[in-house]
Amino acid sequence: MANRTTSAERLDREAAAARLEAVAASLRADECTVRVDNKDITLRPTDAIEFQLDVVEKQAMFREDRETVQIELDWRPE
């Protein structure tokens, strides 16, 4: 069974960096708590984590250019 909790919002750059820093600080602990909307989700990361970083740069002729960064962390809890 898979549970997915998703949130999307527009933040200024400083708030987005603070959100990433909070996830990184929590990841260093034995239990990782991630806040998604009004829900706290506690995870149990292992010492070895699959890390994937994707960067997409789109150049459009008739629309504005777009840049996207996606970070994915994956592990099997023990």
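See the structure above.
The numbering scheme is per chain: residues are counted from 1 as the chain's sequence reads. Per-residue local features are limited, in this predicted model, to residues with pLDDT of at least 70; the limit for side-chain atom pairs, both in listing and counting, is 80 or more; totals at the level of whole chains, interfaces and linings are taken over all residues. Based on all heavy atoms of the structure, the side-chain values leave hydrogens and waters out of the count.

A. The arrangement of the overall build of the chain in detail. Secondary structure assignment for the chain yields one helix and four strands. Segments assigned H or I by DSSP are reported as helices when at least four residues long, segments assigned E as strands when at least two residues long, and all are numbered from the N terminus. Seen in sequence order, the chain has helices and strands lined up from the N terminus as α-β-β-β-β. Each radius of gyration reported is based on C-alpha atoms, and the globular scaling rule is 2.2 Å times the count of residues to the power 0.38. The C-alpha radius of gyration of the chain comes to 15 Å, more than 25% above the 12 Å expected for a compact globule of 78 residues. Dimensions of the chain along its principal axes, counting C-alpha atoms only, are 50 × 25 × 25 Å. When the 78 residues of the chain are sorted by exposure, 9% land in the buried category. Taking the contacts inside the chain whose residues are at least 6 apart along the sequence as the reference set, 34% of them involve residues at least 24 apart. Shrake-Rupley sampling with a 1.4 Å probe provides the accessible areas, and residues are treated as covered by the protein chains on show and by no other component. As presented, the chain carries roughly 7,800 Å² of accessible surface, and 45% of it is formed by carbon and sulfur atoms. A positive count includes Lys and Arg, and a negative count includes Asp and Glu. His and the chain ends are not counted in either. By convention, the charge on Lys lies at NZ, on Arg at CZ, on Asp at CG and on Glu at CD. Charged side chains in the chain number 12 positive and 18 negative. The centres of these two groups are separated by 6 Å. The classification of residues rests on relative accessible area computed with a 1.4 Å probe and restricted to protein chains. Under 20% of the type maximum is buried, over 50% is exposed, and intermediate values are partly exposed. Any two residues whose heavy atoms approach within 4.5 Å at even a single point are treated as in contact.

B. Up close: a negative patch on the surface. Like-charged residues are merged into a patch within 9 Å and nonpolar side chains (Val, Leu, Ile, Met, Phe, Trp, Tyr) within 5 Å, provided each residue has over 30% relative accessible area and no salt bridge. The term salt bridge refers to a side-chain nitrogen of Lys or Arg lying within 4 Å of a carboxyl oxygen of Asp or Glu. Together, Asp-30, Glu-31, Asp-47 and Glu-78 make up a negatively charged patch on the protein surface. Position of Asp-30 relative to the elements: it lies in the loop between helix H1 (13-27) and strand E1 (32-36).

C. Seen up close, the pairing of strand E2 (residues 39-43). Strand direction decides the pairing type here: E1 and E2, joined by five bridges, are antiparallel. Note that in E2 the partner of Cys-32 across the bridge is Leu-43. DSSP calls a pair of strands paired once it identifies at least 2 bridges connecting them. The turn joining E1 and E2, which pair antiparallel and follow one another in sequence, is formed by two residues; a positive phi near 55° is taken by Asp-37.

D. Structural detail: the side chain of Ser-26. Relative to the helices and strands, Ser-26 is located in helix H1. Residues contacting Ser-26, with those up to four places away along its chain left out, are Glu-31, Cys-32 and Thr-33.

E. Highlighting a nonpolar patch on the surface. Taken together, the side chains of Leu-20, Phe-51, Leu-53, Val-55, Val-69, Ile-71 and Leu-73 present a nonpolar region at the surface, about 700 Å² in accessible area. Looking at the nonpolar patch, the elements with two or more residues in it are strand E3 (50-58) and strand E4 (66-74). Its location among the elements puts Leu-73 in strand E4. What makes Leu-73 partly exposed here is its relative accessible area of 32%.

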